[in-house]
Amino acid sequence: QVQLVESGGGLVQAGGSLRLSCAASGRIFSINTMGWYRQAPGNEREMVATITSGGSTSYADSVKGRFTISRDNAKNTVYLQMNSLKPEDTAVYTCNVGGRMMDSSSRYPRDFRSWGQGTQVTVSS
């Protein structure tokens, strides 16, 4: 399996900044899309930002211009820089990584898609 370890969440005042990190480890053959999702109490999980292996990014309208997603392929890590945070950004943020991994039961890599454990981001007004 591929494990994801997130860090960087916390409590911040409105207008402040936080940087989330998510590091993937395991028998990784290659990583394609990496992304961040969030879920606030009573709401469905929503996509925040994604980045492809080629560096193409996509953002939710609500975070465009404030959040920046990036990745370090050498470290199998994805980041989310969050600036100008608002109380409505309060949620559990979870990273998602998809790609191909080596499997001991096969000589060929297989697809995987893993989720992190989630990290709480709370923005006070």
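For the structure, check the block above.
The model shown is predicted, which means the values in this text are computed figures rather than measured ones. (Residues numbered from 1 in each chain as written. Predicted model: local features only at pLDDT ≥ 70, side-chain atom pairs only at ≥ 80, totals over all residues. Heavy atoms only, no water.)

Asks: Looking at this structure, how should I read the overall build of the protein chain?
Replies: Helix and strand content of the protein chain: zero helices and 11 strands. For the protein chain, the sequential pattern of α-helices and β-strands runs β-β-β-β-β-β-β-β-β-β-β. For the protein chain, whose C-alpha radius of gyration is 15 Å, the value lies close to the compact-globule estimate of 14 Å for 125 residues. Seen through its C-alpha atoms, the protein chain measures out along the principal axes to roughly 55 × 25 × 25 Å. Here the protein chain holds 125 residues, and the buried ones make up 42% of them. (Helix = DSSP H or I, 4+ residues; strand = E, 2+ residues; numbered from the N terminus. Rg over C-alpha atoms; globule rule 2.2 N^0.38 Å. Buried < 20%, exposed > 50% of the residue type's maximum accessible area, 1.4 Å probe, protein only.)

Asks: Sorry if this is basic, but what is going on with unusual backbone geometry here?
Replies: Trans is the prevailing form of peptide bonds, just as negative phi is the prevailing case for residues other than glycine. Positive phi, close to 50°, is recorded for N76, a residue that is not glycine. Along the chain, N76 falls in the loop between strand 7 (67-72) and strand 8 (77-82). Judged by relative accessible area, N76 falls into the partly exposed class, the value being 24%. For S84, which is not glycine, the phi dihedral falls at a positive 50°.

Asks: For this particular structure, what's the right way to read the nonpolar core?
Replies: Where a protein is soluble and globular, its nonpolar side chains tend to be buried together. By size, the foremost hydrophobic cluster in this structure holds 31 residues, and its most contacted members are W36, V48, F67, I69, L80, M82 and Y93. Breaking this core down by element, the ones donating at least two residues are strand 1 (2-7), strand 3 (18-26), strand 4 (28-39), strand 5 (46-51), strand 7, strand 8, strand 9 (91-101) and strand 11 (119-124). Ranked by residue count, the leading element in this core is strand 9, at five residues. Ignoring any residue separated from it by four or fewer positions in sequence, one finds V48 in contact with W36, Y37, R38, S58, Y59, A60, V63, F67, L80 and Y93. (Core = buried A, V, L, I, M, F, W, Y, C linked by side-chain atoms within 4.5 Å. Contact = heavy atoms within 4.5 Å.)

Asks: Got a minute to help me understand the environment of L20 in this structure?
Replies: The topology assignment puts L20 in strand 3. Once residues lying within four places of it in the same chain are set aside, the contact partners of L20 are S7, G8, G9, W36, V78, Y79, L80, M82, Y93, T119 and V121.

Asks: Sorry if this is basic, but what is going on with the packing of aromatic side chains here?
Replies: Geometrically, a pair of aromatic rings is defined through the distance of the ring centres and the angle of the planes. Evaluation of the coordinates by the stated rule reveals one aromatic pair. Seen from their ring centres, Y37 and W115 are 5.1 Å apart, and the 65° between their planes marks the pair as edge-to-face. Taken together, the positions of Y37 in strand 4 and W115 in strand 10 (residues 110-115) put the pair 78 residues apart, joining distant regions of the chain. For Y37, a relative accessible area of 17% translates into the label buried. Geometry around Y79 places R19 over its ring, the cationic atom sitting 4.1 Å from the centre. It is R45 that lies over the ring of W115; its NZ or CZ is 3.8 Å from the centre. (Phe/Tyr/Trp six-rings, centres within 6.5 Å; stacked < 30°, edge-to-face > 60°. Lys NZ or Arg CZ within 6 Å of the ring centre and 35° of its normal.)

Asks: Hey, could you run me through the environment of V5 in this one?
Replies: In this fold, V5 is placed in strand 1. V5 gets classed as exposed once you look at its relative accessible area, which sits at 52%. Spatially, the C-alpha atom of V5 lies 5.4 Å from that of C22, the residues being 17 residues apart in sequence. Residues contacting V5, with those up to four places away along its chain left out, are S21, C22, A23 and Q117.

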